[in-house]
Amino acid sequence: MNQGFERWLPAGVAGVAALYLLFTMTPPADPEGGMELERFKELLVVDGGRFKPVDTFARTELMIVSGRQVLRDTDRKTHPAVVWLLDNMVRGLAAYHASRPDRRATAETIHAGLARRRVDEAPVFWIDDEAVLGMIGLPRRDIPRYSSTELLEAPGYKEFRERAQSLVEKAQTDRQGLGQLETRMAEVELHLQRADRITFLSGALMVPPARGVEEDWETLARALISADGGVSSNALARSWETILVAYGTGDVRGFNQAVAAHQAALAQRYPAEVGLAKVEVWFNDFAPFYQCTILYVVVFLLACLSWGPAWAEPLRRAAFWLAALTFAVHTLALCLRMYIQGRPPITNLYSSAVFIGWFCLLLCLVLEATFKNTVGSVVAAALGFATMIIAMHLGGSGDTLEMMQAVLDTNFWLATHVTTINIGYAATFVAGFIAIVYILRGLFTTSLDKGMAKSLGQMMYGVICFATLLSFVGTVLGGIWADQSWGRFWGWDPKENGALLIVIMNALILHARWGGLVKERGMAVLALCGNTITAWSWFGTNQLGIGLHAYGFNTTLAVGCRWFWLSQLLLIGAGLIPLRYWRNFRAPVPARSGATRSMKKGSGAPAIAPAS
Amino acid sequence: MSIRIKTPVTRVLVALASLRLTVALFVLSLGLVFFGTLAQMNAGIWTVVSGYFRSFLVWVPLQLFVQFGQVFYAVPRTWHVPGAFPFPGGWLLGTALLLNLVAAHAVRFKLSGRRAGILLIHSGLIVMMLGELVTGLFAIEGNMVIDEGKSSNYVEHTRYVELAVTRPSQTDTGHDEVAVVPGALLRQGRTVSHDDLPFDIVPLQFMTNSALRQATGERDARPAMKGAGRQYVAVQKREVSGVDTEQKVDTPSCYLELRSRDGNPLGAYLFSLLLEPQPIAMDGKTYLVALRWKRTYKPYRIHLIKFSFDRYMGTGTAKNYSSLVRVEDPERGESRQVLIRMNQPLRYRGDALYQHSFKASETTTILQVVQNPGWLMPYLSCAVVALGMFVHFGIGLNSFLRRRQTP
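Please read all numbers here as calculations on a predicted model, not as lab measurements. (Residues numbered from 1 in each chain as written. Chains lettered and ligands numbered in written order. Predicted model: local features only at pLDDT ≥ 70, side-chain atom pairs only at ≥ 80, totals over all residues. Heavy atoms only, no water.)

**Student:** I would appreciate a short explanation of the interface of chain A and chain B in the present structure.
**Tutor:** Often the size quoted for an interface is simply the accessible area lost on bringing the parts together. At the interface, 69 residues of chain A touch 70 residues of chain B. Note on chain A versus chain B: buried area summed over both sides is about 6,200 Å², and carbon and sulfur give 68% of it. The tally of links from chain A across to chain B stands at 1 salt bridge. The partner of Arg347(B) in a salt bridge is Asp483(A), and the shortest N-O contact between them spans 3.3 Å. (Contact = heavy atoms within 4.5 Å. Buried area = accessible area lost by both parts, 1.4 Å probe. Salt bridge = Lys/Arg side-chain N within 4 Å of Asp/Glu carboxyl O.)

See the structure below:
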């Protein structure tokens, strides 16, 4: 094999990936002579109890309403979420201006502009429920996004809104009283109301108090009405109005000047928050977790290829270096989230997925650096990809940097208990996924020679020891937190029990191995049980209360658990197939070239001996 | 194995010390914890704790698995499978694990550097299991409900009720005379009579969890009904389950018939946690009778100065709850101001007082008061076990790395 190629491939792969990342990291520039939307994105608003750039607000709202963070217009051109936000806001402002004689002219110009750009015809509202579509009178579509015009012209729209509105009100007092269809109607109505609120200029708190920083922010609607009513004068409400009028009338210079002035005024009063908002906009545009998802796929492919006939070592190293690079991006993203939020890494289910993925990767990189058999990279890529997909599903329903409920508002316990327990989850998953590699390679390939089997066994064992330590400490710290916050160390509630199950499972595996009851294969089967239990603890326990009483507002998690458990059961079954049916043990093991280092050393060594 | 002489005792010890037994017990523990979690779909957490974890044997209903299937595997909601199977409970498994552990140390383990980690882990675990035992046997929890500007010196135990018959103080400074009947007696259904009670009590019906509604047609159906029972009807409700999100504690109600000491009926009454005390006249004296949470009086008083509920800007999301209180303890001459808030309890005289909840008016705080002599044991245990794991796995990792380095 070509020596140069061997050295060149890993560096080349990492280099290309780094270039790609640099490209995506560069914030998009505003077109020369156009409206500076990139600057607009950074304007500070308050929503969900926290300061955030208007970009994040627009993205999360559009994500909820439309299922994606960009707007596609009638010409199939994509626009950032703030364009959708601005279009809706100026429509609302024009309606307000139309009611005031002195500003009726601007209202007409704005309306004309909106009509010219056919804003109302852009497909935005995601409605995939057949029954609801039938009620409104909309046709079914493969990609069920509908425009405002379509909705307004649909025969049953008005009646649907009236009915659904009363359901939403009912849900506030008696959520479990809603039937299945009613729940879905309420859900669609809630999405429509979000868009309405933006149009009514009441979507987020956009206007700071006239002076001082102590008082609460106001919605733009309220601030404008009190300003026009002569109750108060707030310069920042006026500058929002200027921004919107300039945008609506297509006044590029006026828009850019007004945005700059507004931003300067905010920066003077909220310097720290404005700084963080800039970072957050950069983070949003970079979308690091999305980039990671792509890179994990590439790592996985490279790693799998390295088990093929040629270029084993360069491909293995390429996979490893790319995994390391992805890990760096993942780390950066995690740190940025912590910096923006001023909190330890895990604050909700979404961030637990992000963190667990990150830690799995760290653990796998350590394993790969130690064992150099590509298993670390494969597992890293699989778990990294899986956790990113999970995070994507969890993040679809709102701001992922949301504020914490009072009882969780403690950085100390978030940093200790929550982090350790999630490291415990991560480690248990890593062991379980190594087990999958063991079983699949043994069943379907002839590559599970003695050395490889031993290495896999050692990896599983080491990771399980680590998992036992962390899940135990995490569980007990949780108990201590509970003791600190409501005086009960152990309450046997479902979530606590879930954590306890993981500890017992890991202890069980270790004792079974020490007792000589299982060797590598047995450990692999047990580690798969660890997978199912960890999924139970992470997501399953949350479903019990909801799943039973309410007609699942969100059944994705329950369905996810369903298929994950089935897959694990299938693998456990596969692992229990007698060895003589395993391809690996059926045929005589051929000598493989390019053997891994641990193989050479491990060959001929006895299987792991029971503890004395 | 270090034991060579086979006496019956050592044979039993060796059998008890087996790692197979350990693994089997772990498997059973996994089952118990899982079943005990599923059971919380139907029953209150305390029912489950005493039925599954603080018991020797539990009958696990098969319906639990159907329900599991309904949540995760789209099993039809109408399915019902009768029957149950026996399973070892928490006390039994805990004891067995403890014996297994002690036997293992007696038979197999010698004191040596390599074994130090295991010894630490296992002794820490013993402390933890004993801690759970102490908690299970001795811990007492209750709530203290205080309005702003007022104080309280008793806690209420929301898992137990009592019927309180109060004769209000006849002088301005004097104490009320109170006689209480434990809820358990009312539940049993036998007539209660006692020298401290002005009348005998015949329990008619006891509801563990209930709601009240306005009486409409029933007034005529129950002619003997007196007091609040003429206006309201108690309706039986399902016991609050461990996974319920809306209701957290049961609200019991009961129908009682009162009789004078010489056997004359005084009428049937409805008593409920949801009702105010009802005046009942007897021999020219007026008594206030009410079903209320069981109370325990404390040697100190807590005075609520201010309750605060902070929210995040523009949302209803809670940022913090806190109660500014004054602890008043004449016995010890204490009178100091303390802020009790989320995650920051007040520990005083063996009790720990936590910010637990509040009433909708946001001027009444609910503190959780816990007395648990074993509260420090988990802290100790956690430190010891963690240290033990560090030592044990550290030794293992170290020798693994050394083996890899030497070719």
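More follows now that the structure is in view.
**Student:** Would you take a moment to explain the pattern of salt bridges for this structure?
**Tutor:** When the charged atoms of two side chains lie near each other, side chains of opposite charge can form a pair. Residue and element names in this part refer to chain A. Using the criterion set out here, one finds 36 salt bridges over all chains in the structure. Between Arg-103 and Glu-241 there is a salt bridge, and its shortest N-O distance comes to 2.7 Å. With Arg-103 in the loop between helix H4 (81-98) and helix H5 (104-116) and Glu-241 in helix H11 (residues 235-249), this residue pair connects regions lying 138 residues apart in the sequence. Counted as one network, the salt bridges with shared partners bring together Glu-38, Lys-41, Asp-55, Arg-59 and Asp-285. (Helix = DSSP H or I, 4+ residues; strand = E, 2+ residues; numbered from the N terminus.)

**Student:** Looking at this model, I keep getting lost on unusual backbone geometry. Mind explaining?
**Tutor:** It is generally the case that most residues other than glycine have a negative phi and that most peptide bonds are trans. Residues and elements named next belong to chain A. The backbone phi angle of Arg-76 is positive, close to 65°, even though this residue is not glycine. Checked against the element boundaries, Arg-76 lands in the loop between strand E3 (70-72) and strand E4 (78-80). One non-glycine residue, Trp-492, lies in positive phi territory at about 60°. Turning to its location among the elements, Trp-492 is positioned in the loop between helix H19 (450-486) and helix H20 (494-514).

**Student:** How should a nonpolar patch on the surface be read in this particular structure?
**Tutor:** Residues and elements named next belong to chain A. Taken together, the side chains of Tyr-20, Tyr-290, Ile-294, Val-297, Val-298, Phe-300, Leu-301 and Phe-385 define a hydrophobic patch exposed on the protein surface, amounting to about 650 Å² of accessible area. Broken down by element, the residue count for the nonpolar patch peaks at 6 residues, all from helix H14 (residues 288-305). Residue placement: Ile-294 occurs in helix H14. (Patch = residues over 30% accessible without salt bridge, like charges linked within 9 Å, V, L, I, M, F, W, Y side chains within 5 Å. Areas by Shrake-Rupley, 256 points an atom, 1.4 Å probe, with all protein chains shown as cover.)

**Student:** Help me out: how do you make sense of the packing of aromatic side chains in this one?
**Tutor:** What describes a pair of aromatic rings is the distance from one ring centre to the other and the angle between the planes of the rings. Scanning the model with the defined rule gives 50 aromatic pairs over all chains in all. Judged by centre distance (6.2 Å) and plane angle (75°), the rings of Phe283(A) and Phe289(A) are edge-to-face. Taken together through their ring pairs, the aromatic side chains of Trp536(A), Trp565(A), Phe34(B), Phe35(B), Phe65(B), Phe68(B), Phe72(B), Tyr73(B), Phe85(B) and Phe87(B) make up a single cluster. Geometry around Trp307(A) places Arg441(A) over its ring, the cationic atom sitting 4.3 Å from the centre. (Phe/Tyr/Trp six-rings, centres within 6.5 Å; stacked < 30°, edge-to-face > 60°. Lys NZ or Arg CZ within 6 Å of the ring centre and 35° of its normal.)

**Student:** What should I look at first to understand the pairing of strand E13 (residues 285-311) of chain B in this one?
**Tutor:** Successive residues of a regular strand alternate their side chains across the two faces of the sheet. Residue and element names in this part refer to chain B. Bridge count between strand E4 (residues 151-167) and E13: 12 bridges; the pairing is antiparallel. In the sheet register, Val-161 faces E13, and the bridge partner there is Trp-293. Where strand E12 (residues 278-282) lies against E13, 5 bridges are found, and the strand directions are antiparallel. The residue of E13 that forms the bridge with Ile-280 is Tyr-287. Here E12 hands over to E13 after 2 residues, with Asp-283 in that stretch at a positive phi of 50°. Pairing geometry for E13 and strand E14 (residues 318-329), over 10 bridges, is antiparallel. (Pairing = 2+ DSSP bridges.)

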